[in-house]
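Notes for the structure review
Okay, here's what each chain looks like letter by letter:
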Amino acid sequence: MARNTSAFALMERLFSSQDRAQSWSQLPDLSPEASEHASAASALLPLKPRLSLMLRRCGFACGVMAFALGLNACSVNTSSNVFDPPLDSTFSVDKRDVILTGPNAEEREQYQLMVAQLTHMLGTEKLSAERRAQVLYQLGLLYDRLGMNVTARTMLMSALIAVPDYAQVYNFLGIYLASAERFAEAYDAYDAALELDPEENYAYFNRGIALYYGKRPQLALDDLKKFYEFDHNDPFRIAWLYIVERTVEGQEVALEHLAQRRAAIEKEVPWGLEVLDFYLGKIDSHELIDAIRNAEIPPEEVAPRLCEAYFYMAKQAEFDGKYKLAYDLFHLCVTTDYSGYLEYRYALLEIARYERQEIIAAADEIADAQQQERDAFLRQQAAEAQKYFEKLQEQHTPLKQEQAAPVVPPIVNPESLEDQEPQLVPDKVDSKVRTSDSSRTQDKVQP
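What comes next is a walk through the structure. Just so you know, these numbers come straight off a predicted model, no measurement behind them.

A few words on helix α8 (residues 149-162). Helix length check: α8 (14 residues) gives 20 Å between terminal C-alpha atoms against 20 Å at 1.5 Å per residue, within 8%. When α8 is considered as a whole, its buried residues turn out to be Ala152, Arg153, Met155, Leu156, Ala159 and Leu160. Mapping the buried residues of α8 onto a view down its axis gives an arc of 160 degrees, with all of them on the same face.

It is at 13 Å that the axes of helix α11 (residues 202-213) and helix α19 (residues 342-396) come closest, and there the two elements cross at 10 degrees. Taken together, the axis directions place α11 and α19 in an arrangement best described as roughly parallel. Where α11 approaches α19, its residues Phe205, Asn206, Ile209, Ala210 and Tyr213 are matched on the opposing element by Leu342, Tyr346, Leu349, Glu350 and Arg353.

On to the nonpolar core, then. Tyr213, Trp240, Tyr279, Tyr310, Phe311 and Tyr312 are the most contacted members of the largest nonpolar core, which totals 99 residues. A total of 11 residues in this core trace back to one element, the largest contributor, which is helix α17 (residues 302-319).

Below, the discussion takes up the packing of aromatic side chains. Tallied over the entire structure, the rule returns 25 aromatic pairs. On the numbers, 6.5 Å between centres and 25 degrees between planes, the contact of Phe183 with Tyr187 is stacked. Taken as a pair, Phe183 and Tyr187 lie in helix α10 (residues 183-196) at a separation of four residues, close to a single helical turn. This pair shows no difference in class: Phe183 is buried, exactly as Tyr187 is. The interplanar angle of 75 degrees and the centroid separation of 5.0 Å between the aromatic rings of Tyr212 and Tyr213 together place this pair among those described as edge-to-face. Between the NZ or CZ atom of Arg237 and the centre of the ring of Tyr202, over which it lies, the distance is 5.7 Å.

Each value, and the rule that gives it
Residues numbered from 1 in each chain as written. Predicted model: local features only at pLDDT ≥ 70, side-chain atom pairs only at ≥ 80, totals over all residues. Heavy atoms only, no water. Helix = DSSP H or I, 4+ residues; strand = E, 2+ residues; numbered from the N terminus. Expected span 1.5 Å × (residues − 1). Buried < 20%, exposed > 50% of the residue type's maximum accessible area, 1.4 Å probe, protein only. Arc of directions from axis to C-beta. Axes fitted to C-alpha atoms, helices over the stretch in contact; angles between N-to-C directions. Parallel < 35°, antiparallel > 145°, perpendicular 65-115°, else oblique. Contact = heavy atoms within 4.5 Å. Core = buried A, V, L, I, M, F, W, Y, C linked by side-chain atoms within 4.5 Å. Phe/Tyr/Trp six-rings, centres within 6.5 Å; stacked < 30°, edge-to-face > 60°. Lys NZ or Arg CZ within 6 Å of the ring centre and 35° of its normal.

Scope: geometric values only; no functional claims are made or implied.
Quick look at the structure:
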């Protein structure tokens, strides 16, 4: 029952308007560092009144030091991270690697018919709570395939209301939360799924991907390794394991393990080995796309294969530092319109992160230029203030009295004193003392 309570709390957070506003709010104009620096600079703009009070209290030297510290606090990190070339520049994918697919009208029609049948079942038949939850879950999956995300989440929430310990629903809700970058709630959803059903193996896979995008690659690697142990013949488990392992342990170790896992695949798989060979450098991007173009498969299978191929090609371009190419490949992944695949969802997340990073970098450049102007203005005011207070200090500093030079008595020849009368030099300071001393001497001489 404690788990059921936490399940309802998770559902309330998932559909709360406040969380939705936070998840889809507009991007900030400035990075936190730029905003902090801008606030510090704004605080120093009314400079003269503050300098005057500061210098009166602390003295000139202390005031200049405080002003210098204020300028230092206003410095902006000039290391911008704008992509070169910019993301809105010319499309960078080679035309030989571009295959455009239209929406699969027949598949969408089938989904709509299934939605109608399940909806009719809910309204006409008397179902148990478990059966009702299963129907709602299937409706959620169908609405998700049709791109109706809000309706799909509503169906999933209704399934949890019918059966609060439905592990598969928690697993699917975790995908929604992770793709919206609400990672803490996604982790809770995956934990709930595994606690309710330890055999829900795909929760390890989905949680590992969420941990990777949530900047916890070591934990992600642990989950993906555990998921790989359930099936050594799935190429896409190996591909995701390579992506995360390269982030944690480096390219050389990841490639070595990738080659070992590629060689350990025993059964024949229809698709996916080409992706591993691409990562191993055995084939290039043209050969990977040609493998899809020349494959003898139904037309409806082309879009899902392209969705996967473009995503993993984009991750490789990202590893190579070709961010514009990666950005364009993620867009090609999205154009397949195959929303039922994780690659499609996380391609949207990658695109949003690229655009957000470029916006923040451009804002940092603008903030840096503005801050340089402010710094120049503040330095000019500091120089003027320094000159002003130096003059003020010169005017109000009392002049030191010059000390009189000591009087050196002249050297007198003793023989010349016999012919001269003695001259007394009056001493104004010790006159009373000397008079009293002379009177005492006369008293002693008289009989």
